[in-house]
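Residues per chain, in single letters:
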Amino acid sequence: MNIIPKPTQLVATGDTFTLKANTVIVANKAARAKASQLAAALRTATGLTLPLQDEADAPAIQLTHNPALATELGHEGYRLNVSANGVEIEAAGEAGLFYGGQTLLQLLPTQGEGHLPGVQITDVPRFGWRGLHVDVGRHFMPMAALKRMIDALALHKLNIFHWHLTEDQGWRLEIKKYPKLTEMGAWRKRTRVGHEYASDKSFDNVPHGGFYTQDEARELVAYAAARHITVVPEIEMPGHAQAAVAAYPELGNADARPGTDPLDVCDHWGIQKHVFNAEDSTIAFLQDVLTEVMAIFPSPFIHVGGDECPKDEWKASPRAQARIRELGLADEHELQSWFIRQMDNFITQHGRRLVGWDEILEGGLAPNATVMSWRGESGGITAAKAGHDVVMAPTTYVYFDYYQSADKANEPLAIKGLLELETVYGYEPIPAELTATEAQHVLGAQAQLWTEYIKTPAHLEYMAFPRLCALAEVLWSPAASKNYADFLIRLPAQLARLAAMGVNYRKKG
Ligand code: ACM
């Protein structure tokens with residue numbers, strides 16, 4: 001049975017259930033919404049329009065919402081039984097019913113009649129944070145592409161879409177109080193051609209940009225929520241801020257670089273020096289931005305970036321130096337830590353949780369912060385040992401902007417590195433250094449798609465798949481059941497499902 005991610009427990013019974021034009025779907029009241037969603041998916045997959053009824057006198061597909069199962073299955077787990085007498089999906093939550101339906105869809109033959117193999121499945125995810133990060137700052141991606149990606153995440157029972165909305169090269173979310181963020185900050189005049197570190201430093205001279213209105217962002221949040229995916233928004237600070245500083249020069253450090261304002265929205269790659277200043281007015285500006293962000297995104301987590309903030313401007317700026325003295329801080333690292341603490345207080349007061357890249361450990365970690373460990377596992381280990389929650393995102397296992405094959409000449413240009421499918425499959429998100437208690441702070445992990453060299457949705461999908469199929473199994477299935485050879489046997493059916501959705505997965509090797 002070609003199910004990805006592999007269920008926790010699966011017993012094949014040898015029975016068969018045949019989906020017919022007169023098969024009905026039966027659901028109790030709390031399961032009705034998920035039952036009609038499943039009916040729609042079955043219609044797409046099989047062409048059959050199955051009616052939704054309160055009861056049935058012939059073999060049916062039955063969805064039952066049963067809160068008593070919460071202890072055993074949590075809100076995402078489910079039980080699925082397929083026999084000649086019918087199909088039963090039972091769960092304590094809507095997410096569980098949805099995942100039971102996703103598994104049922106994967107039991108359908110990719111072609112031909114609707115014979116379903118008899119099974120008894122009990123399935124519960126290993127981790128609660130199963131994610132994909134997409135950078136729309138370097139290259140804007142249209143709404144339709146993001147929705148197709150959300151559909152593909154749902155197919156894999158992934159539940160976090162980390163939306164990287166602001167970058168040096170573009171600010172992509174409408175903020176009503178500060179319209180220039182998108183009027184100016186969403187557009188750049190030109191873009192580097194080829195690799196940033198190649199000797200040829202030319203540009204394409206083609207303007208690039210785009211942004212999401214707040215209505216569009218809400219639409220994506222709702223689209224994702226219907227598929228049990230939380231959209232975690234990221235607003236980068238204090239670094240990766242050049243587009244915002246280009247739009248509002250008062251947010252920057254002009255005194256560190258006299259005569260350079262206004263800056264342009266950045267047109268090339270790498271780490272940029274033009275960061276936010278640490279004035280109270282800038283903190284207030286960013287808190288206003290976060291207020292609008294929290295009104296759009298119900299996510300419990302709000303990401304504030306925190307990575308790659310060069311201290312050059314703060315070192316050269318008399319104002320930043322005065323600020324360090326005023327606040328009684330030792331140096332620029334403590335200023336960055338102070339900056340993130342202001343956001344941590346603000347986000348916590350609003351009932352949400354701050355998450356940031358592992359540089360937020362430098363200069364002291366804000367009290368309520370969750371750490372996203374990208375420079376290897378060490379940030380995650382440090383944070384978990386200090387009692388903070390962590391999300392693992394290490395370059396070595398989950399940076400999907402890296403090459404997929406050692407045959408780089410026959411791959412599209414990528415940022416660097418090599419991350420093969422088998423390496424992703426072999427990833428163990430719990431670092432060996434953690435005790436069992438500390439390991440409970442590891443919420444899960446996510447893949448990163450940074451888009452400096454990824455200009456189109458088709459290329460984005462090429463980088464995501466099939467590596468994301470492997471990561472889904474890392475994050476959902478019991479560690480002891482992982483088996484790469486077995487995964488490879490199940491993979492072609494999953495790729496056929498992706499193809500049917502119009503997803504451009506990598507077809508080689
Ligand atoms: C990162 O890759 N700068 C988080």
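Owing to the predicted nature of the structure, the values given are computational and were not obtained by experimental measurement.

Cut-off values and rules
Sequence order as written defines the numbering, with residues in each chain counted from 1. Under the rules for a predicted model, residues below a pLDDT of 70 receive no local features and side-chain atom pairs below 80 are neither given nor counted, while totals for whole chains, interfaces and linings still include all residues. Hydrogens and water are ignored here; the side-chain numbers use all heavy atoms of the structure. Numbering of helices and strands starts at the N terminus; helices are DSSP runs of H or I of at least 4 residues and strands are runs of E of at least 2. Throughout, radius of gyration means the C-alpha value; the globule benchmark is 2.2 Å times the number of residues raised to the power 0.38. Burial here depends on accessible area, computed with a 1.4 Å probe over protein chains only, as a share of the maximum for the residue type. Under 20% is buried, over 50% is exposed, and the range in between is partly exposed. By definition, residues are in contact when any of their heavy atoms lie within 4.5 Å. Note on areas: Shrake-Rupley with a 1.4 Å probe; residue coverage comes only from the protein chains shown. When charges are tallied, Lys and Arg are placed among the positive residues and Asp and Glu among the negative ones, while His and the ends of the chain are skipped. Charged side chains are reduced to one point each, which is NZ for Lys, CZ for Arg, CG for Asp and CD for Glu. Any carboxyl oxygen of Asp or Glu within 4 Å of a side-chain nitrogen of Lys or Arg constitutes a salt bridge here. Two strands qualify as a pair provided that DSSP identifies no fewer than 2 bridges between them. Fitting a line to C-alpha atoms yields each axis, with helices limited to the stretch in contact; the angle taken between N-to-C directions then spans 0 to 180 degrees. Here the angle decides the label: under 35 degrees means roughly parallel, over 145 means roughly antiparallel, 65 to 115 means roughly perpendicular, and every other value means oblique. Put simply, a crossing is left-handed when the front helix is turned counterclockwise from the back one by less than a right angle, and right-handed when it is turned clockwise. In this count, Pro and Cys sit with the nonpolar residues alongside Ala, Val, Leu, Ile, Met, Phe, Trp and Tyr, while Asp, Glu, Lys and Arg are called charged and the others, Gly among them, polar. Two cysteine sulfur atoms make up a disulfide if the distance between them is within 2.5 Å. Any Phe, Tyr or Trp ring, taking Trp's six-membered ring, that has another such ring centre within 6.5 Å forms a pair; planes under 30 degrees apart are called stacked, those over 60 apart edge-to-face, and the others tilted. Counted as a polar contact is a pair of N or O atoms within 3.5 Å, where, for protein atoms, one must be capable of donating a hydrogen and the other of accepting one, and residues adjacent in sequence contribute only when both atoms are in side chains.

Caption draft 1: View of the overall build of the chain. Helix and strand counts for the chain stand at 18 helices and 19 strands. Since a compact globule built from 509 residues should have a radius of gyration of about 23 Å, the 24 Å found for the chain is in line with a globular shape. Split into buried and exposed, the 509 residues of the chain put 57% on the buried side. Long-range pairs, those at least 24 residues apart, make up 74% of the contacts in the chain with a sequence separation of at least 6. Counting only carbon and sulfur atoms, one obtains 53% of the accessible surface of the chain, whose full area is about 19,200 Å². A gap of 2 Å separates the mean positions of the 46 positive and 60 negative side-chain charges of the chain.

Caption draft 2: View of the pattern of salt bridges. Considering all chains together, one arrives at 30 salt bridges under this definition. Of the charged contacts in the structure, one is a salt bridge between Arg-319 and Glu-326, with a shortest N-O distance of 3.8 Å. A salt bridge links Glu-473 to Arg-490; the shortest N-O distance between them is 2.8 Å. One end of the pair, Glu-473, is in helix α17 (residues 467–476); the other, Arg-490, is in helix α18 (residues 484–500), and 17 residues separate them in sequence. Pair check on accessibility: Glu-473 and Arg-490 agree, each one buried. Linked by salt bridges that have partners in common, Glu-279, Asp-280, Arg-319, Arg-323 and Glu-326 make up one network.

Caption draft 3: How the structure looks around the sheet that holds strand β19 (residues 442–449). Within the closed barrel, the eight strands sit side by side as β8-β9-β14-β15-β16-β17-β18-β19. Their pairing is parallel. With strand direction ignored, the average angle separating the axes of adjacent strands in the sheet is 30°. Of the strands in this sheet, β8 (129–135), β9 (160–164) and β19 touch helix α4 (residues 143–155), which is tilted by about 150° from β9.

Caption draft 4: How the structure looks around the packing of α17 against α18. Running from amino to carboxyl end, α17 crosses α18 at an angle of 120°, the nearest separation of the two axes being 10 Å. Our classification of the angle between α17 and α18 gives oblique. Considering the relative orientation of α17 and α18, their crossing is right-handed. On α18, the residues touching Cys-469, Ala-470 and Glu-473 of α17 are Phe-487, Arg-490, Leu-491, Gln-494 and Leu-498. Broken down by class, the residue content of the contact of α17 with α18 amounts to five nonpolar, one polar and two charged.

Caption draft 5: Examining the state of the cysteines more closely. Tallied over the entire structure, the rule returns zero disulfides. Note on Cys-266: no disulfide assigned, nearest cysteine sulfur contributed by Cys-309 at a separation of 15 Å.

Caption draft 6: Region of interest: the sheet that holds strand β4 (residues 60–65). Strand order in the open sheet formed by seven strands is β1-β7-β5-β6-β4-β2-β3, and the pairing between neighbours is mixed. Whereas interior strands pair on both sides, the edge strands pair on one side only; in this sheet they are β1 (9–18) and β3 (52–53).

Caption draft 7: Molecular detail of unusual backbone geometry. For the peptide bond that leads from Ile-4 to Pro-5, omega is -5°, which places it in the cis range. The topology assignment puts Pro-5 in the segment before β1. A cis amide bond links Asp-261 with the next residue in sequence, Pro-262, at an omega value of -5°. With respect to the element layout, Pro-262 can be found in the loop between α7 (242–247) and α8 (280–296). Despite not being glycine, Lys-157 shows a phi value in the positive range, around 60°. Structurally, Lys-157 can be placed in the loop between α4 and β9. Positive phi, close to 50°, is recorded for His-240, a residue that is not glycine.

Caption draft 8: Representation of the environment of Thr-437 within the structure. In this fold, Thr-437 is placed in helix α15 (residues 436–439). Using a relative accessible area of 59% as the deciding quantity, one classes Thr-437 as exposed. Spatially, the C-alpha atoms of Thr-437 and Gly-387 are 9.5 Å apart, while their sequence positions differ by 50 residues.

Caption draft 9: Representation of the packing of aromatic side chains. Counted by the stated rule, this structure contains 19 aromatic pairs. Here Tyr-397 and Tyr-427 contribute two aromatic rings whose centre-to-centre distance is 4.6 Å and whose plane-to-plane angle is 25°, an arrangement assigned as stacked. Of this pair, Tyr-397 sits in helix α13 (residues 395–398) while Tyr-427 is found in the loop between α14 (421–425) and α15, placing the two residues 30 residues apart along the sequence. A relative accessible area of 29% means that Tyr-397 is categorised as partly exposed. Overall, Tyr-427 belongs to the buried group, its relative accessible area being 0%. For the ring pair Tyr-484 and Phe-487, a centre distance of 6.1 Å and an interplane angle of 25° mean the geometry is stacked. Of this pair, Tyr-484 and Phe-487 are both found in helix α18, three residues apart, which corresponds to roughly one turn of the helix. Here Tyr-484 falls in the partly exposed class, since its relative accessible area comes to 22%.

Caption draft 10: A look at the side chain of Asp-135. Structurally, the position occupied by Asp-135 is in strand β8. Owing to a relative accessible area of 0%, Asp-135 belongs among the buried residues under this scheme. Of note is the side chain of Asp-135, whose polar atom sits 2.7 Å from the backbone nitrogen of Gly-137. Not counting residues up to four positions away in its chain, the partners in contact with Asp-135 are His-164, Glu-167, Leu-449, Trp-450, Thr-451 and Glu-452.

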